[in-house]
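# Topology and contacts: notes
The lines below spell out each chain.
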Amino acid sequence: MERTVITFGTFDVFHVGHLRMIERAAALGDRLVVGVSADELNLRKKGREPIFTEAERVEIVAALKCVAEVFVEESLELKREYVLRYAADVLVMGDDWEGKFDELGDVCEVVYLPRTPAVSTTALIEKISTGS
């Protein structure tokens, strides 16, 4: 029986931390589905528009060999609906979300993975902006 894993992220200024997270999520099952945050969701969540557009970020994530399917995540409040829609057996989130999705344990396994140390989209954007 195929085991489906679902994960979510903005994946702006795609970096090795994103890649490692996606690869680790994929290793937990047979099929990986990825929700990419909509531009509007990112604006609400982080207070800024992404550097790369929603369409560009979807295209980047979809190009990864270990990703079976990509969709646009419109709302954080719809996680349960997304898990059910894609029949996910496992929800994977970064440990910066630890505990926030535990209530989904009634419909799937919930796993929080540690972030890649010293890699941050915000820090990369600041470094690029300041040229240092």
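Residues numbered from 1 in each chain as written. Predicted model: local features only at pLDDT ≥ 70, side-chain atom pairs only at ≥ 80, totals over all residues. Heavy atoms only, no water.

This part is about the overall build of the chain. In terms of regular secondary structure, the chain is built from five helices and five strands. In the chain, the succession of α and β elements from N to C terminus is β-α-β-α-α-β-α-β-β-α. Across the 132 residues of the chain, 40% fall into the buried class. Looking at the chain alone, contacts between residues at least 24 apart form 64% of all its contacts between residues at least 6 apart. (Helix = DSSP H or I, 4+ residues; strand = E, 2+ residues; numbered from the N terminus. Buried < 20%, exposed > 50% of the residue type's maximum accessible area, 1.4 Å probe, protein only. Contact = heavy atoms within 4.5 Å.)

On to the nonpolar core. Counting 16 residues, the largest nonpolar core has I22, L32, V34, V61, V67 and V92 as the members making the most contacts within it. Tallying contributions element by element places helix α1 (residues 16–26) first for this core, with four residues. Residue contacts for I22: discarding those within four places in its chain leaves F11, F14, L32, V61, L64, C66 and V67. Judged by nonpolar contacts, the second largest core, of 14 residues, contains V33, F71, Y82 and F101. (Core = buried A, V, L, I, M, F, W, Y, C linked by side-chain atoms within 4.5 Å.)

Under the counting rule described, the total for this entry stands at eight salt bridges. A salt bridge links E109 to R3; the nearest nitrogen and oxygen atoms lie 2.8 Å apart. Placement of the pair is E109 in strand β5 (residues 109–113) and R3 in the segment before β1 (4–9), with a sequence separation of 106 residues. Judged by relative accessible area, E109 falls into the partly exposed class, the value being 39%. With relative accessibility at 31%, the residue R3 sits in the partly exposed group. A salt bridge links R85 to E81; its shortest N-O distance comes to 2.6 Å. One end of the pair, R85, and the other, E81, are both in helix α4 (residues 79–85), four residues apart, so they sit about a helical turn from each other. (Salt bridge = Lys/Arg side-chain N within 4 Å of Asp/Glu carboxyl O.)

Bringing the sheet that holds β5 into the picture now. Taken in spatial order, the five strands make up an open sheet running β3-β2-β1-β4-β5, and their pairing is parallel. A strand with exactly one partner marks an edge of an open sheet, and here the two such strands are β3 (69–73) and β5. Strand-to-strand twist of the sheet, defined as the mean angle between neighbouring strand axes without regard to direction, takes the value 25°. In terms of strand pairing, β1 meets strand β4 (residues 90–94) through three bridges, oriented parallel. Along β4, the bridge assignment pairs V5 with V90. (Pairing = 2+ DSSP bridges. Axes fitted to C-alpha atoms, helices over the stretch in contact; angles between N-to-C directions.)

Within the secondary structure, T7 sits in strand β1. Here V92 takes part through its backbone oxygen, which lies 2.6 Å from a polar atom of the side chain of T7. (Polar contact = N/O pair within 3.5 Å; in protein donor to acceptor, adjacent residues only side chain to side chain.)

So, on to a nonpolar patch on the surface. Together, I51, F52 and I60 make up an exposed nonpolar region whose accessible area comes to about 240 Å². Given the relative accessible area of 33%, F52 is considered partly exposed. (Patch = residues over 30% accessible without salt bridge, like charges linked within 9 Å, V, L, I, M, F, W, Y side chains within 5 Å. Areas by Shrake-Rupley, 256 points an atom, 1.4 Å probe, with all protein chains shown as cover.)

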